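Chains, contacts and geometry: an overview
The lines below spell out each chain.
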Number of protein chains: 2
Amino acid sequence: MDAARESVEVNGRRYLRPGAPVVVVCVDGCEPDYITQAIQAGAAPYLQRMLSAGGSSLIGDCVVPSFTNPNNVSIVTGVPPSVHGICGNFFYDVEADREVMMNDPAYLRAPTLLAAFAQAGVSVAAVTAKDKLRTMLGHGMKGICFSAEKADKATIAECGIDRLLELVGMPVPSVYSADLSEFVFAAGVRLLETRRPDLTYLSTTDYVQHKAAPGTQEANDFYAMMDGYLEQLDALGAVIGLTADHGMSPKTDAAGRPRVIYLQEVLDQHLGERAARVILPITDPYVVHHGALGSFATVYLPAAACAHATRVLQDLPGVDVVLTREQAVERFELAGDRIGDLVVVSDHLTVLGTSASRHDLTGLTVPLRSHGGISEQKVPLLFNRPLQGVDPTRRLRNFDVFDLALNHVASPRQGLRNAA
Amino acid sequence: MDAARESVEVNGRRYLRPGAPVVVVCVDGCEPDYITQAIQAGAAPYLQRMLSAGGSSLIGDCVVPSFTNPNNVSIVTGVPPSVHGICGNFFYDVEADREVMMNDPAYLRAPTLLAAFAQAGVSVAAVTAKDKLRTMLGHGMKGICFSAEKADKATIAECGIDRLLELVGMPVPSVYSADLSEFVFAAGVRLLETRRPDLTYLSTTDYVQHKAAPGTQEANDFYAMMDGYLEQLDALGAVIGLTADHGMSPKTDAAGRPRVIYLQEVLDQHLGERAARVILPITDPYVVHHGALGSFATVYLPAAACAHATRVLQDLPGVDVVLTREQAVERFELAGDRIGDLVVVSDHLTVLGTSASRHDLTGLTVPLRSHGGISEQKVPLLFNRPLQGVDPTRRLRNFDVFDLALNHVASPRQGLRNAA
């Protein structure tokens, strides 16, 4: 084997070229119990069969903040935010004194492995649910890259593909629907059937997970849908690696009322009006289903106020940990210049807000479920093949999914064929 | 008001005598989402109505280890294990070199408030699901105290009541059943109807919670059953305070396989055979539904080996924290002579075992759900009345439930009547 020809190195990691087509799926907000409960309810017969017949099931840690963008970017770069720079949807540009949305690939500090594989002549496809992720994940990538949200607007020039509604056979779904994710899976199957990319990345949206608990009918219906498409991908010969960007927890009391700590109000009271600036990196243009409430916040404040603020925040019921920038950078592998002076993480039943008046909770028609904290860090790592050569003491991450699918899948049927 | 006459002091806390009958319910393993999901599913119409019409809903922290005995004892004493001494079901008696079960009230270092109220002339009743708790909770108490498990054997001499099956109208339930808890609720209603105790404590079993996730049919059926009995208690004029001994988490990967760290095996490998002794304080005579696997363990080992063992254990994927005895005593308010040299807590998807050969998992017919860790520390605190005078910054505990029900319930209808 010619190792130089047969593998691709990106961001300090080496990946073997795919033998069979490899499909990596990031199921947004997939707390592992969603799959466990769907299997229990008989709603995921393919996964049940696959996992009991040679498939692999592991648990990995996602990136904290356990939000969508940092984790999707970690998965497609294979590295933590300290390397790729995306620590949330927002950061505060201190010099410009403004809150900046990090949707622009200009903020990306590392190439994606999708781009690197495409560059090396591997055919690559990436499909996201929301368009906010598409530009970031597709950055520098030659191949197919589109979002379900704007599937009707895909052009060959921009997305490497067009006439998608015809290909997939579905109308453009609402951005707040399970259908948006179904479109992603259906597109993945149709792409494999018609163009057979060597490497496919499918990334869904957590609309259902924000609303429905594991084991409930609505959740099981979602996973039954997913199960059917995974079965088709498997039947088409794909090596499937499935993970999640983050887990999901109820963020309410037993009565279903959101448990919110309004950090800006607390800090205004203790440090003086506007002495501190609270940034919620979950905030993005699509907040209806979670009211921009997650379990991770970062705070910019004068150095002299840090110790006092830390004491105040640590004593609040519902706060899990308060870390300085340096502690957070070390513990969560974040980029120090993209987070504030303090990082606040709340517990599995609590979310962090700025001020009550700045959160519109009228869209919460069911009890709030959300993420962002350490309590949503555990995610599934599933493969429809046995794995080999994985050190059992290794701390697995969701952003190891391409490494596992490309370098550790072993199967007489297929797998590391090119590496032989 | 004559404060000395009208209140009872026990373990350094003062409780007003009940005005209306007070019923405190400890719902074993009641992760708050069980109630949220039951309400969402329409299975708990009484709780839904009660909580939207003047009832109170709070979240409190239980005692870690989040096990049944330490928490039930904390609830009925109003103090943490550092005062009452019960840190688990088992401890290792170093001098006698044997593992000792702490079911015997001889291990109790503080009187219960049930006993103190009875002593002060208040009529008291306590009903537990399993008999293991009855002797502990009823220690020194004059009044009615029996278990559903041995309801047919209750005598006036031992339990302050007899002919229970006739009173309740149910047969003795299996110790592994939802019926065991139903018997507790039904007995509570019948006691209130026939004897109207001033103070009642009802404590159920988590058989259902170990098996069924929040929002699933089996869980909702349990909470629908509970809801009906709570409605009856309310209609009989009771002030109801409801909490839990601990929460409940899935302890599996997505495939439903238990995630177990076998600590004795790890320590034998690193420190030498039997250099360390691992104690699992969840162990008791009823282990079928959880295989004696929980998220809290304590380790006895030579002082010289502590630092090494800590490093080894902290690096294990699935371990949440490793604390020295002193750290654990401080953080969890435990009794230092009833725990080992180290305390190990695992994460929300992981449990701790001794050696694979010592755990019988054949009883696990559904994916393991268990407790014991920090991830199961949040429990509901519900009241069918408004509360007054509760400091919003106070860290509430499940063992504040009697304080809240007796000292903070406010209602024009009833409540602090005797205190007027």
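Use the structure listed above.
Below is a summary of the structure that appears in this document. (Residues numbered from 1 in each chain as written. Chains lettered and ligands numbered in written order. Predicted model: local features only at pLDDT ≥ 70, side-chain atom pairs only at ≥ 80, totals over all residues. Heavy atoms only, no water.)

Observations regarding the overall build of chain A
- On a plain count of helices and strands, chain A comes out with 16 helices and 19 strands.
- The C-alpha radius of gyration of chain A comes to 21 Å, within 12% of the 22 Å expected for a compact globule of 420 residues.
- Each principal axis of the C-alpha distribution contributes one length, and for chain A these read about 65 × 45 × 45 Å.
- Each of the 420 residues in chain A was classed as buried or not, and the buried ones make up 66%.
- Considering only contacts within chain A whose residues lie at least 6 apart along the sequence, 73% involve residues at least 24 apart.
- Put simply, chain A shows about 14300 Å² of open surface, and 49% of that area lies on carbon and sulfur atoms. (Helix = DSSP H or I, 4+ residues; strand = E, 2+ residues; numbered from the N terminus. Rg over C-alpha atoms; globule rule 2.2 N^0.38 Å. Buried < 20%, exposed > 50% of the residue type's maximum accessible area, 1.4 Å probe, protein only. Contact = heavy atoms within 4.5 Å. Areas by Shrake-Rupley, 256 points an atom, 1.4 Å probe, with all protein chains shown as cover.)

A closer look at the pattern of salt bridges
Residue and element names in this part refer to chain A.
- Tallied over the entire structure, the rule returns 45 salt bridges over all chains.
- In this structure, the salt-bridge partner of D61 is K378, at a minimum N-O distance of 2.7 Å. Residue D61 is found in strand β4 (residues 56-61), and its partner K378 is found in strand β19 (residues 378-383); the two are separated by 317 residues along the sequence.
- With relative accessibility at 7%, the residue D61 sits in the buried group.
- Residue class for K378 comes out buried when judged on its relative accessible area of 13%.
- The salt bridge involving E99 is made with R277; its shortest N-O contact spans 3.0 Å. Of this pair, E99 sits in strand β6 (residues 98-101) while R277 sits in strand β13 (residues 277-279), and the two are 178 residues apart along the sequence.
- By relative accessible area, which is 27% here, R277 ends up partly exposed.
- If you follow the salt bridges from partner to partner, you end up with R13, R394, D400 and D403 in one network. (Salt bridge = Lys/Arg side-chain N within 4 Å of Asp/Glu carboxyl O.)

Re the sheet that holds strand β15 (residues 319-324) of chain B
Residues and elements named next belong to chain B.
- An order of β13-β14-β16-β15 is seen for the four strands of this open sheet, with the pairing classed as antiparallel. A strand with exactly one partner marks an edge of an open sheet, and here the two such strands are β13 (277-279) and β15. Averaged over all pairs of adjacent strands, the angle between strand axes in this sheet comes to 20°, irrespective of strand direction.
- Of the pairings in the sheet, the one linking strand β14 (residues 296-300) to strand β16 (residues 342-346) comprises four bridges and is antiparallel in character. The partner of F296 across the bridge, within β16, is V345.
- Against the sheet, helix α15 (residues 325-332) engages β14, β15 and β16, with an angle of about 110° to β15. (Pairing = 2+ DSSP bridges. Axes fitted to C-alpha atoms, helices over the stretch in contact; angles between N-to-C directions.)

Side note on the packing of aromatic side chains
- The full count for this structure, using the stated rule, is 16 aromatic pairs over all chains.
- Ring geometry for Y201(A) versus F402(A): centroids 6.0 Å apart, planes at 40°, classification tilted. With Y201(A) in strand β9 (residues 199-203) and F402(A) in helix α16 (residues 401-407), this pair connects stretches of sequence that are 201 residues apart. F402(A) shares its class with Y201(A); the two are buried.
- Between F185(B) and Y229(B) the ring centres are 6.2 Å apart and the planes differ by 10°, which places this aromatic pair in the stacked class. Of the two residues, F185(B) is situated in helix α10 (residues 178-194) and Y229(B) in helix α12 (residues 217-235); the sequence distance between them amounts to 44 residues. (Phe/Tyr/Trp six-rings, centres within 6.5 Å; stacked < 30°, edge-to-face > 60°.)

Quick look at the relation of the copies chain A and chain B
- Under the fitted operation, chain A is carried onto chain B by 0.0 Å of movement along the axis and a turn of 180°, and the coordinates agree to an RMSD of 0.0 Å. Classification of the inter-copy transformation places it as that of a two-fold axis. The C-alpha atom lying nearest the rotation axis in chain A is that of T216(A); the distance is 2.9 Å.
- A share of 100% of interface residues in chain A that are also interface residues in chain B marks the association as one of identical surfaces. (Least-squares fit on C-alpha atoms with pLDDT ≥ 70 in both.)

Quick look at the sheet that holds strand β4 (residues 56-61) of chain B
All names here are of chain B.
- If you trace the seven strands from one edge of the open sheet to the other, you get β4-β19-β10-β3-β9-β7-β8, paired in mixed fashion. One side of each edge strand has no neighbouring strand; the edge strands of this open sheet are β4 and β8 (144-147). Ignoring strand direction, the axes of neighbouring strands in this sheet form an average angle of 15°.
- Of the pairings in the sheet, the one linking strand β7 (residues 124-128) to β8 comprises four bridges and is parallel in character. Counterpart to A126 in the pairing with β8 is C145.
- Against the sheet, helix α4 (residues 68-77) makes contact with β3 (22-26), β9 (199-203) and β10 (239-243), and its axis sits at roughly 170° relative to β9, the strand it touches most.
- Its contacts with the sheet place α12 against β3, β9 and β10, and it is angled at close to 150° to β10.

Section: unusual backbone geometry
- Along the chain, V64(A) connects to P65(A) via a cis peptide bond; the corresponding omega equals 10°.
- Look at R196(A): it is not a glycine, yet its phi comes out positive at around 45°.
- Here R196(A) shows up in the loop between α10 (178-194) and β9.
- What makes R196(A) partly exposed here is its relative accessible area of 40%.
- Of note in this structure, E333(B) is not a glycine but carries a positive phi near 55°.

As for the packing of helix α3 (residues 45-52) of chain B against α12(B)
Residues and elements named next belong to chain B.
- At their nearest, the axes of α3 and α12 sit 7 Å apart, and the two run at 50° to each other. As the angle between them shows, α3 and α12 are arranged oblique. Between α3 and α12, the contacting residues are P45, Y46, L47 and R49 on the first element and M226, D227, L230, E231 and D234 on the second.
- For the contact of α3 with α12, the residue count by class is five nonpolar, no polar and four charged. (Parallel < 35°, antiparallel > 145°, perpendicular 65-115°, else oblique. Nonpolar A, V, L, I, M, F, W, Y, C, P; charged D, E, K, R; others polar.)

What about the packing of α10(B) against α12(B)?
Residue and element names in this part refer to chain B.
- The interhelical angle for the contact between α10 and α12, taken along N-to-C directions, is 5°, at an axis separation of 9 Å. By the criterion of interaxial angle, the relationship of α10 to α12 is roughly parallel. In this structure, α10 uses A178, S181, E182, F185, A186, G188, V189, L192 and E193 to contact α12, whose residues at the interface are F222, M225, M226, Y229, Q232 and L233.
- Looking at the contact of α10 with α12 residue by residue, the class counts come to ten nonpolar, three polar and two charged.

Notes on the interface of chain A and chain B
- Across the boundary between the two partners, chain A contributes 37 residues, which contact 37 residues of chain B.
- Taken together, both faces of the contact between chain A and chain B bury some 2800 Å²; the carbon and sulfur share is 57%.
- Ranking the residues of chain A by area buried against chain B places I59(A), A254(A) and K378(A) at the top, with a combined share of 19%.
- Across the chain A-chain B interface, the total number found is four salt bridges.
- For D347(B), the salt bridge is made with K378(A), and the minimal N-O distance between the two is 3.3 Å. (Buried area = accessible area lost by both parts, 1.4 Å probe.)

Brief notes about the nonpolar core
- I35(A), L47(A) and F146(A) are the most contacted members of the largest nonpolar core, which has 60 residues in total.
- When residues in this core are grouped by element, the largest group, nine residues, is from α10(A).
- Not counting the four nearest positions on each side in its chain, L47(A) is found in contact with I35(A), I39(A), M226(A), D227(A), L230(A) and L382(A).
- Within the second largest apolar cluster, 59 residues are counted, among which are I144(B), A151(B), I161(B) and V189(B). (Core = buried A, V, L, I, M, F, W, Y, C linked by side-chain atoms within 4.5 Å.)

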